[in-house]
Amino acid sequence: MTATITDKKVLMKGNYAIANAAVLAGCQCYFGYPITPQSEIGEFMSGKMQELGRAYVSAESELAAINMTIGACSTGVKAMTSSSSCAVALMQEGLSYAASDQLPVVLISVMRGGPGLGNIYPSQGDYFQATRGGGNGDYKLIVLAPSTVQECADLTYKAFYLAQKYRNPTVLLADGLLGQMMEPVQFKEYPYPEIDNSDWKLTGAKGRDARIIRSYAPLADNQCVYLEKLFAKYKQIEENETEWEEIGTEDADIVLVSFGSTARNAKTAAKICRQRGLKVGILRPITLFPFPTKRLQELSAKVKMIISVEVNMGQMIQDVKLAVNGKVPVRLIKKPVGAPPSPEEIVSQIEELI
Amino acid sequence: MEKDFIIAGFGGQGVLLAGEVLANGFMIDDKNVTWYPSYGAEMRGGTVNCTVVMSEEEVGAVQKTSADFIIVLNQASFDKYVSWVKKGGSIIVNSSLAVIKKTREDINYIFVPITKLAQDKLGNIKMSNILALGALSKVSKLISLETLEKALHNVIPARRANLIPKNIEALKLGYEYDLLKV
Amino acid sequence: MATQVFKIPESFRKDAKYTFCPGCDHGVAIRLVAECLEELGLTEKAIAACSIGCSVTIYDFLNVDSLEAPHGRALAEATGIKRACPDKFVFTYQGDGDFASIGLAESMHAALRGENLSAICINNTTYGMTGGQLGPTTILGQVTTTSPTGRNLEYYGYPIKIAEHIALCDGTAFSARVSLDTVPNIRKAKEAIKKAFEVQIKGLGFGFVEILSTCPTNWKMTPQKAHERVKNEMMPVFKPGIYKDITAEK
């Protein structure tokens, strides 16, 4: 199902919305290996990229897919790969290299159950995988978490933009629910400026010195300087790009923190709480790195409790606790894997916690 | 106001497609809407269902354990989902493939011999899913036949456009089920 | 009038410092690559995907845009580069461990897809940079730091004959094994590298050269003895030759 830039809404699965948006964002190369629940992305790309004369490779593994993406990105074109959980695990080496090489790799990570093979149901069990990374060394990935199919499209645009702007691998962290659900979506024109990359991309050393994109740093002192520079960039990303949505927090006693598909249910839960006279608000991080730490710090000075609502055993809650720093109690409402806890379940757990 | 719909049946009965047409219809009517399938290691002949949520406001949860309107196209789905119908809600039952039996007083049962109608009147049991939507239009009063017709154009790809007239017939047949002596 | 018989290729970095061990064949192999790049006019349009191991330092020698790939992934990254920029000349320079052990899947699939890439693989029967451990090409009986009594079948199985395997891939246009133990063999090696480059330029598919090379340090041999070993121990197992050349006249 293809969509063009149009005023009309189309009903589309999250996976297709992501793939469509990637094409409209100017993604020139797609490399991937199938895995449920994101296979629609590769299926769509296989047809569309060939139709447009762009690059598509059915990679032999996720190891190959991420490294093909790195290769393409090193030439300055927009390129992406997509995968899920246990297969994103295979990409961690590449992501560490891409972070060190400062290459604008875009990875669509559609989470499923884990650990190990787990299952194909929705999950948020890869919050750590995305924000902490499984690759070696000190690095950060920019992580965007859509909550609707419209955001699947809009944040795919943004993922390409931020990846280019900061020369940093960027993850769109969706989940099986968002990937498989349909919702009306509208494709606007790619709203971001194109970033000039003429000073670093590999094009062949014509009329200039050869460029080397590498992470090998044989001298420890150089590596110290390099890492400080890298982290200065991350600081800049934190200052400029932290994004979140906030509803009903002005007078809230309790703030729910929830991202992605789970935030949909948490929002409804907050609404039900209000109807029952409980002053509950919600903060939905849209960027997981950078995390809205500052805003949570501010909120923790005036609320009575903060509750992290997640579909995992409690991962984002660590970032929430770091932000709140003991000022108010931080609690967890969770479901280990599968569809998010229903709004009613969330409400009853809130009532138990207070 | 939020209304929840579940459509369930055998894999191959067009359950997911019917949901997609319904969700497209609500989109055409400018409602907020979500469609969510049962997904997993599905196989042809296994059971399958999808949930459509329509609302004037932003849709929260997309997966439900109860619904205002449920369409069941086979016995197994009838058995499973009858308890999911909200009080005062309706269940549309394909009586060609499920035994007519009422176990609840607080919901409306609409028995329609969907498969038989599709076979006898349209000569194609594959029209069952769309026929069921016609019945839903009548029962729910939440979506018009005209809108569903437009939705069919959204869902059926251009290269299969020849199937649209027959599907429109199916919609009408489902809508008029109660006028037919079957 | 004097005739110039040797010059440093333009594609060689002026500031390059020789960093390989005495008697190591990497130096010769890289020079051959540089000469072929220059003679085919490729230096300014070339992009190298470098590997992990001693071979990675090729980017310190060549005036060529380079991307350093993780261990074994050079041909995946090269695939990405080439697919993104089909008009560039893209090649890898890898060791046998990189190409045929950790990266065997990436290498073989690049060949199977018939990627228009050229790959040079240095086979020195050991992991050089990490200190001489057993690798995929370590020959039977060879003592390494991880085969202290020599490679035996019971514990280690057989070494891989890379050029033969790559020749079996339908997408391969050229596959050869060469050695650098004598001047005539060095000349043949250069011809093979050139051929592997030319098939890419012509868009014929995957071009591959396996180069039998020395590792005097880890073999614990003098440079001269090391080259004798290439001839006496390696060449009987890894027979030099052209294993596939779709451009050859039948």
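This structure is a prediction, so every number in the text was calculated from the model and none was measured.

Caption draft 1: View of the overall build of chain C. When helices and strands are tallied, chain C shows 10 helices and seven strands. Taken over the C-alpha trace, chain C has a radius of gyration of 17 Å; the compact-globule value for 250 residues is 18 Å, and the two agree within 12%. By principal-axis analysis of the C-alpha atoms, chain C measures approximately 50 × 50 × 40 Å. Looking at chain C as a whole, 58% of its 250 residues are labelled buried. Restricting the contact set of chain C to residue pairs at least 6 apart, pairs at least 24 apart contribute 68%.

Caption draft 2: Up close: the sheet that holds strand β10 (residues 212-213) of chain A. With mixed pairing, eight strands are arranged side by side in an open sheet as β10(A)-β2(C)-β1(C)-β3(C)-β4(C)-β6(C)-β5(C)-β7(C). In the strand order of this sheet, the two ends are held by β10 of chain A together with β7 (241-245) of chain C, each with one partner. Where strand β5 (residues 172-179) of chain C lies against strand β6 (residues 206-212) of chain C, seven bridges are found, and the strand directions are parallel. The residue of β6(C) that forms the bridge with Ser175(C) is Phe208(C).

Caption draft 3: Representation of the interface of chain B and chain A. Across the boundary between the two partners, chain B contributes 17 residues, which contact 17 residues of chain A. The leading source of residues in the side of chain B that touches chain A is strand β2 (residues 32-37) of chain B, at five residues. For the side of chain B that touches chain A, the class distribution of residues is nine nonpolar, seven polar and one charged.

Caption draft 4: Quick peek at the pairing of strand β1 (residues 10-13) of chain A. Residue and element names in this part refer to chain A. Side chains of β1 alternate between two faces, with Val10 and Met12 and Leu11 and Lys13 buried alike. Both β1 and strand β9 (residues 182-185) contribute to a ladder of four bridges, which runs antiparallel. When the bridges of β9 are listed, Met12 appears paired with Glu183.

Caption draft 5: The interface of chain A and chain C, seen in detail. Between chain A and chain C, the residue contacts involve 34 residues of the former and 30 residues of the latter. If you list the elements that add at least two residues to the side of chain A that touches chain C, you get β2 (29-32), β3 (55-58), α3 (62-74), α5 (92-101) and β10 of chain A. At nine residues, α3(A) tops the list of elements feeding residues into the side of chain A that touches chain C. Within the side of chain A that touches chain C, the residues separate by chemical class into 18 nonpolar, 11 polar and five charged. With two bridges connecting them, β10(A) and strand β2 (residues 65-68) of chain C associate as parallel partners. By the bridge assignment, Ile212(A) is partnered in β2(C) with Ser66(C).

Caption draft 6: Layout of unusual backbone geometry. In this model, Thr36(A) is joined to Pro37(A) through a cis peptide bond whose omega is 5°. A cis amide bond links Phe289(A) to the next residue, Pro290(A), at an omega of 0°. On the secondary structure map, Pro290(A) appears in the loop between β14 (287-289) and α11 (293-300). A positive phi angle, close to 60°, is found at Lys220(C), a residue other than glycine. Mapping Lys220(C) onto the fold places it in the loop between α9 (216-219) and α10 (223-237).

Caption draft 7: Inspection of α5(A) at higher detail. All names here are of chain A. With respect to burial, α5 is a largely interior element, eight of its 10 residues being buried. All of the buried residues in α5 are Gly94, Leu95, Ser96, Tyr97, Ala98, Ala99, Ser100 and Asp101. Among the structural elements, α3 and β10 are those in contact with the buried residues of α5. Looking one or two places after α5, you find Gln102, whose phi comes out positive at around 55°.

Caption draft 8: Representation of the confidence of the model for chain C. Of all residues in chain C, 100% attain a pLDDT of 70 or more, and the chain-wide mean is 96. Across the assembled chains, the prediction reports ipTM 0.95 with pTM 0.96.

Caption draft 9: Seen up close, the sheet that holds strand β12 (residues 254-257) of chain A. All names here are of chain A. Spatially, β11-β13-β12-β15-β16 is the arrangement adopted by the five strands of the open sheet, whose pairing is mixed. Edge positions in the sheet fall to β11 (244-247) and β16 (330-334), since each has one partner strand and no second. Ignoring strand direction, the axes of neighbouring strands in this sheet form an average angle of 20°. Against the sheet, helix α12 (residues 316-324) engages β12, β15 (305-310) and β16, with an angle of about 160° to β15. Strand contacts of helix α13 (residues 343-353): β12, β13 (280-285), β15 and β16, with the helix running at about 145° to β15, the strand carrying the most contacts.

Caption draft 10: Spotlight on helix α9 (residues 220-241) of chain A. Counted at 1.5 Å a residue, the expected span for α9(A) with its 22 residues is 32 Å, and the 31 Å between its end C-alpha atoms agrees. Among the 22 residues of α9(A), one are classified as buried, and the element is accordingly described as predominantly exposed.

Caption draft 11: How the structure looks around the arrangement of the chains. There are two pairs of chains in contact here; the most contacts are made by chains A and C. Across all C-alpha pairs, the smallest distance from chain B to chain C is 29 Å, and the two are not in contact.

Caption draft 12: Structural detail: the environment of Glu250(A). Considering the arrangement of structural elements, one finds Glu250(A) in the loop between β11 and β12. When the C-alpha positions of Glu250(A) and Gly281(A) are compared, they lie 7.9 Å apart, and in sequence the two are 31 residues distant.

Caption draft 13: Quick look at the confidence of the model for chain B. With 95% of its residues at a pLDDT of 70 or more, chain B shows a mean pLDDT of 94. Put simply, helix α2 (residues 75-81) of chain B is where chain B has its lowest mean pLDDT, 95, and strand β4 (residues 67-72) of chain B is where it has its highest, 98.

What counts, and at which threshold
Residues numbered from 1 in each chain as written. Chains lettered and ligands numbered in written order. Predicted model: local features only at pLDDT ≥ 70, side-chain atom pairs only at ≥ 80, totals over all residues. Helix = DSSP H or I, 4+ residues; strand = E, 2+ residues; numbered from the N terminus. Rg over C-alpha atoms; globule rule 2.2 N^0.38 Å. Buried ≥ 20, exposed ≤ 12 C-beta atoms within 10 Å, placed from the backbone. Contact = placed C-beta atoms within 7 Å. Pairing = 2+ DSSP bridges. Nonpolar A, V, L, I, M, F, W, Y, C, P; charged D, E, K, R; others polar. pLDDT = per-residue confidence, 0-100. Axes fitted to C-alpha atoms, helices over the stretch in contact; angles between N-to-C directions. Expected span 1.5 Å × (residues − 1).

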